[in-house]
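# Structural features, examined
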Amino acid sequence: MRCCGPGETASVRRPPGYVGDGLQAAPHRPRYTKSVHTESDASLQTELEREVARRRTFAIISHPDAGKTTLTEKLLLYAGAIELAGAVRGRKARKHATSDWMALEQERGISITAAALEFELEGRRMALLDTPGHKDFSEDTYRALIAADSVVMVIDAANGVEGQTRKLFEVCRRHRLPILTFVNKFDRPARDPLELLDDIESTLGISAAPVNWPVGNAEHFRGVYDLQRQHLLLYEREMQGQYRAPVDVSDLDDPQARELIGENTYVHFRESLDVIRVAGTTFDIDAYRAGTQTPVFFGSAMTNFGLEPFLRTLVELAPHPHARPSDTGIVEPTDERFTGFVFKIQANMDPRHRDRVAFVRVCSGKFTKDMAVSNSRAGKLIRATRAYRFFGRDRETITEAYAGDIIGLVNPGQFAIGDTVHTGAALKFLDIPRFPPEHFGRLRLQDQRYKQFDDGLRQLEEEGLMQVFYVESGRREPIVGVVGALQFDVIKSRLATEYGVEIVVDPSTFTAARWVADPAKPLPLLGGATTAAVDRQQRRVLLFANEWEVQYFEKQNPTFGLLAESPVA
């Protein structure tokens, strides 16, 4: 890795000297199903194997302000995908993050909706699902993790593991996603690295294996020590946020190292390094890919300290697309038939065309433009004439895609979240769960544009932004349930900017929704503030004021089943 030196600018498209030789480990390959092929079939299989092997589909998770956006943009900068990382510019001149395309995101400087970014890096086809780090993220965040094959977890060196990281980590654990950890902001006052490793293990219940080790922190942060290669990468600060290339010192006892690091920092570094060598967890690629161990890197995304070994490992060791279960058995990524599932629907990404795009994670085979695909839910053929690859809001027409790619299909009402698209014999991937809403509000229309209001609500709900309920008696204004309270502002903003509708959101006393497991059962007597409602599919729902009411209802009615997640339509 090479950082900018005196007289250079940050617009270098690729860091000279950056190499992708990776940590030494055997490449991970899936179990391929062998069968008899014709010559053309064999050629296709070879092509599929090659393309699958070079793809990496991953998401980044973090707590707010841990540095996710900075890390994302540095990754894109090193890949040559952007000219200048916005975070390295002055605050007044700073551009919006590439992945933050929504007007409200740019206004508030936060990520609200998951975005897809695809680019080439060191011969690998990288697909980054940039998930919101804001505390009020939506279901969109959870679904993006389901579409990924691995995860990068960013942790603030001063704060350790924080609340939103824990919530997102649990989703990763359930889906056994491999996780690479980057402990960020070591150029600022930070906790002791041994303490941070213990925090990761005790808070998240995952083994933490350091891959490099920080040399100092804050104004004394000098670089990182590569534990496997056993050499130092030292950095020297320059004015205006520019940094020299690292000085490679092969021997820890080299007097030059002591001089560059400083005696006190050097002594403390050597003491902690001796501890981690004796008592630390050794990196194991199999444990990492099984989701039981996370390799840990230390550094600073803002200053580029420690990014080179981290990015090298991401490129080399993050797993390529894996097999996925379906109702007809396991689907290997090199299966010749094209398959994929819809994990996100986004309306009005291009306001000029007011289109709706279904984001499809390709799971197997080769997608080609104009191919006829089946929608397992609708049971009919759809010709994919308009297919795109995305870079935030920007899109380009594609002619082919392989397992691991994220493609956008223009969606004239033909796709819904969770749909399986495929060629060949019918199959269906496992249902994508709807996560229970935690915040509720009643929407009041401020004008007479009822049709636009209804259209907007229906389309935003189809995106998975919210869940809509109507009480069975009394007022008929819709009650919406969301995962994070910020989504109320998103709903209000998008209804105004995309559908020309002004609304007011009245806070609701409800905090939990439960679906009735057996719609044929008569409702028992409801007490307290519990209210009967229906969702858009006319499924019966009970809205509760708090968890105590839920538990009291279940205790009083032990044979009356309730579901925390909405049943499949």
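Residues numbered from 1 in each chain as written. Predicted model: local features only at pLDDT ≥ 70, side-chain atom pairs only at ≥ 80, totals over all residues. Heavy atoms only, no water.

## Describing the overall build of the chain
Helix and strand content of the chain: 13 helices and 31 strands. Counting only residues that meet the buried cut, the chain has 56% of its 569 residues in that class. In the chain, once contacts between residues fewer than 6 apart in sequence are set aside, the share between residues at least 24 apart is 72%. Entry remark: accessible area of the chain is about 24000 Å², with carbon and sulfur atoms responsible for 49%. (Helix = DSSP H or I, 4+ residues; strand = E, 2+ residues; numbered from the N terminus. Buried < 20%, exposed > 50% of the residue type's maximum accessible area, 1.4 Å probe, protein only. Contact = heavy atoms within 4.5 Å. Areas by Shrake-Rupley, 256 points an atom, 1.4 Å probe, with all protein chains shown as cover.)

## Some words on the packing of aromatic side chains
For any pair of aromatic rings, the description consists of the separation of the ring centres together with the inter-plane angle of the planes. Taken as a whole and judged by the stated rule, the model has 16 aromatic pairs. Plain terms: the ring middles of Phe343 and Phe359 are 6.4 Å apart, the flat faces sit at 65 degrees to each other, and that makes the pair edge-to-face. One end of the pair, Phe343, is in strand S14 (residues 339-347); the other, Phe359, is in strand S15 (residues 356-364), and 16 residues separate them in sequence. For Phe359, a relative accessible area of 2% corresponds to the buried category. Measuring from ring centre to ring centre gives 6.2 Å for Phe440 and Phe469, while their planes differ by 35 degrees; the resulting arrangement is tilted. In this pair, Phe440 sits in strand S24 (residues 439-445) while Phe469 sits in strand S25 (residues 467-471), placing the two residues 29 residues apart along the sequence. Here Phe440 matches Phe469 in class, with each residue buried. (Phe/Tyr/Trp six-rings, centres within 6.5 Å; stacked < 30°, edge-to-face > 60°.)

## Details of the sheet that holds strand S28 (residues 512-516)
Spatially, the eight strands line up as an open sheet ordered S27-S24-S26-S25-S29-S30-S28-S31, and their pairing is antiparallel. With one partner strand each, in any of the chains shown, strand S27 (503-507) and strand S31 (562-563) form the two edges of the open sheet. Sheet analysis places S28 next to S31, joined by two bridges and oriented antiparallel. Pairing of Trp515 across the sheet is with Leu563, part of S31. Along the sheet, helix H12 (residues 486-499) makes contact with S24, strand S26 (479-482) and S27, crossing S26 at roughly 125 degrees. (Pairing = 2+ DSSP bridges. Axes fitted to C-alpha atoms, helices over the stretch in contact; angles between N-to-C directions.)

## Topic: the nonpolar core
Ranked by internal contacts, the top residues of the largest apolar core, which has 64 residues, are Leu129, Leu145, Ile200, Leu232, Phe269, Phe298 and Phe343. It is helix H4 (residues 139-147) that contributes the most residues to this core, five residues altogether. Beyond its immediate stretch of four places on either side in the chain, Ile200 contacts Ile155, Val161, Thr181, Gly205, Ile206, Ala208, Thr294 and Val296. Within the second largest apolar cluster, 31 residues are counted, among which are Phe58, Tyr78, Val154 and Val315. (Core = buried A, V, L, I, M, F, W, Y, C linked by side-chain atoms within 4.5 Å.)

## Structural notes on the pattern of salt bridges
All chains considered together, the criterion is met by 33 salt bridges. Salt bridges sharing partners connect three or more residues here, namely Glu51, Arg54, Arg55, Glu118, Glu120, Arg125, Arg389, Glu396 and Asp405. (Salt bridge = Lys/Arg side-chain N within 4 Å of Asp/Glu carboxyl O.)

## Section: the environment of Ala144
Following the sequence through the fold, Ala144 ends up in helix H4. For the pair Ala144 and Ala59, spaced 85 residues apart in the sequence, the C-alpha separation amounts to 7.3 Å.

## Examining the packing of helix H11 (residues 450-462) against H12
It is at 10 Å that the axes of H11 and H12 come closest, and there the two elements cross at 125 degrees. Between H11 and H12, the angle falls in the class oblique. Both H11 and H12 take part in a crossing whose hand is right-handed. Along its contact with H11, which presents Gln452, Phe453, Gly456, Leu457, Gln459 and Leu460, the element H12 presents Ile491, Arg494, Leu495 and Tyr499. Of the residues assigned to the contact of H11 with H12, the class counts are six nonpolar, three polar and one charged. (Parallel < 35°, antiparallel > 145°, perpendicular 65-115°, else oblique. Left-handed = near helix turned anticlockwise from the far one by under 90°. Nonpolar A, V, L, I, M, F, W, Y, C, P; charged D, E, K, R; others polar.)

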